[in-house]
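One letter stands for each residue in the lines below.
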Amino acid sequence: MQQVNGDTGRLKSEADEPGWEVDPDDDWGVAVVATVGRQLKLRREAKGMRAAEFGVAVGYGEDMVYKIEGGKRIPQLEFLDRADEVLGAGGLISAMKEDVARVRYPKKVREIAKLEAQAIEIALYSNHNVHGLLQTQEHMRALFDAWLPAYSDEEAEGMVAARMARRSIYERSPAPTLSFVQEEVTLRRPVGGRMVWRRQLERLLELGQMRNVSIQVMPTDCEEHFGTGGLIEVLKFPDGTAVGRSEGAFNGRPVSDPKQLRILDLRYGMIRAQALTPRESRAFIEQMLGET
């Protein structure tokens, strides 16, 4: 049965899948996509299928097939499943989905996600925006749409997808301990409009109900504030090591030296002490939600 783009009867083209170009500076990503492309081409030719014929079978235009086989485009995971079926690969093509899924996310994001996946304790203080791990998809899009200079649709789609993938941290078992402190102003800014804002506040209340998640609000009227140095992140791992960074310390670079980490721990601990308790913060967010 021919796979087409929605109800239009068109085979998919690049315009239908923005944000799936390969980053030429990502050596590992380039290698993965090139390997997948070669395997697809070899199996298609062994099957005796022309690129156009294969494209019709999987719902893609001939030009898209050539670009995927040539390592110029990152294939969608659904494409790999369909290609596996059409080419009779017995699951070997589908088995490449995990690496392909990781390729789409920028190298920097992959490195962050890898650390988050290993951490048993994560402490986060945000003073500019709601932290990425707390954002709804609509909130993310609104933030990226407001960025200057403007991101292209493809760039924005890629960043949203990468940030959404990091939310798998909430599904980990055993679950890590997650502590968030958010400046009040980040919760009062109606990013994306009233409905998007309401959904973001609701998301905070949902996550705050998880036993391993603590969300605290730092009131704007706090006279003495130890968070004026900006964002703080500290990740601690099972072997006792840790890594952290802060906009206002060590030139914003990630650090792992115990002496430097103690400074970040001290600052974060003082910020938590100044913030509303998790219970008070929940009541505060509920009140804000009722006012929207």
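Thresholds applied
Residues numbered from 1 in each chain as written. Predicted model: local features only at pLDDT ≥ 70, side-chain atom pairs only at ≥ 80, totals over all residues. Heavy atoms only, no water. Axes fitted to C-alpha atoms, helices over the stretch in contact; angles between N-to-C directions. Helix = DSSP H or I, 4+ residues; strand = E, 2+ residues; numbered from the N terminus. Parallel < 35°, antiparallel > 145°, perpendicular 65-115°, else oblique. Contact = heavy atoms within 4.5 Å. Nonpolar A, V, L, I, M, F, W, Y, C, P; charged D, E, K, R; others polar. Buried < 20%, exposed > 50% of the residue type's maximum accessible area, 1.4 Å probe, protein only. Pairing = 2+ DSSP bridges. pLDDT = per-residue confidence, 0-100. Phe/Tyr/Trp six-rings, centres within 6.5 Å; stacked < 30°, edge-to-face > 60°. Lys NZ or Arg CZ within 6 Å of the ring centre and 35° of its normal. Polar contact = N/O pair within 3.5 Å; in protein donor to acceptor, adjacent residues only side chain to side chain. Salt bridge = Lys/Arg side-chain N within 4 Å of Asp/Glu carboxyl O.

A. Representation of the packing of helix α1 (residues 27-46) against helix α3 (residues 62-69) in the model. Their axes nearest at 7 Å, the elements α1 and α3 cross at an angle of 120°. One finds that α1 runs oblique with respect to α3. Here V33, G37, R38, L40, K41 and R44 of α1 lie close against α3, whose contacting residues are Y66, I68 and E69. Grouping the constituent residues of the contact of α1 with α3 by class yields four nonpolar, one polar and four charged.

B. Layout of the pairing of strand β5 (residues 242-246). For β5, a buried count of four out of five residues is recorded, marking the element as mostly surrounded by other parts of the structure. With five bridges joining them, strand β4 (residues 232-236) and β5 adopt antiparallel strand pairing. Paired with I232 across the strands is S246, a residue of β5. In this antiparallel pair of consecutive strands, β4 and β5, the connection spans five residues, and G240 shows a positive phi of 90°.

C. Looking closely at the confidence of the model for the protein. The predicted model of the protein averages 88 in pLDDT, with 93% of residues at 70 or higher. Note that pLDDT drops below 50 for residues 1-8; the model gives that stretch 18 contacts with residues more than four away or on any other chain.

D. Structural detail: unusual backbone geometry. The amide bond that connects S173 to the next residue, P174, takes the cis arrangement and shows omega of 0°. For P174, the location among the structural elements is in the loop between α8 (153-165) and β2 (177-183). The backbone phi angle of N251 is positive, close to 60°, even though this residue is not glycine.

E. Looking closely at the packing of aromatic side chains. Within this structure, the stated rule accounts for four aromatic pairs. Consider the rings of F144 and Y151, whose centres lie 6.0 Å apart with planes at 80°: the pair is edge-to-face. Looking at F144, the relative accessible area reads 9%, which means it is buried. Site record: aromatic cluster; members linked through ring pairs are F54, Y60 and F79. In this arrangement the basic side chain of R203 is found over the ring face of Y170, its NZ or CZ atom lying 5.8 Å from the centre.

F. Inspection of the side chain of E233 at higher detail. In this fold, E233 is placed in strand β4. In this structure E233 comes out as buried when scored by relative accessible area, which is 14%. Within the structure, the side chain of E233 is placed 3.3 Å from the side chain of H131, a separation counted as a polar contact. In contact with E233, other than residues within four places in its own chain, are A123, L124, H131, V243, G244, R245 and L264.

G. Spotlight on the pattern of salt bridges. Within the structure shown, the criterion is met by 14 salt bridges. One salt bridge in this structure joins R44 and E69, with 2.7 Å as the shortest N-O distance. One end of the pair, R44, is in helix α1; the other, E69, is in helix α3, with 25 residues separating them in the sequence. Between R82 and E85 there is a salt bridge whose closest N-O contact spans 3.1 Å. Within this pair, R82 and its partner E85 are both found in helix α4 (residues 77-87), separated by three residues, close to a single helical turn. One salt-bridge network, held together by shared partners, links R198, R199, E202, R203 and E206.

H. Expanded view of the environment of G230. Position of G230 relative to the elements: it lies in the loop between β3 (213-218) and β4. Residue G230 is classed as buried on the basis of its relative accessible area of 5%. The spatial distance from the C-alpha of G230 to the C-alpha of G252 is 9.7 Å, given a sequence separation of 22 residues. If near-sequence neighbours (up to four positions away) are discounted, G230 is found in contact with Y125, N127, S246 and E247.

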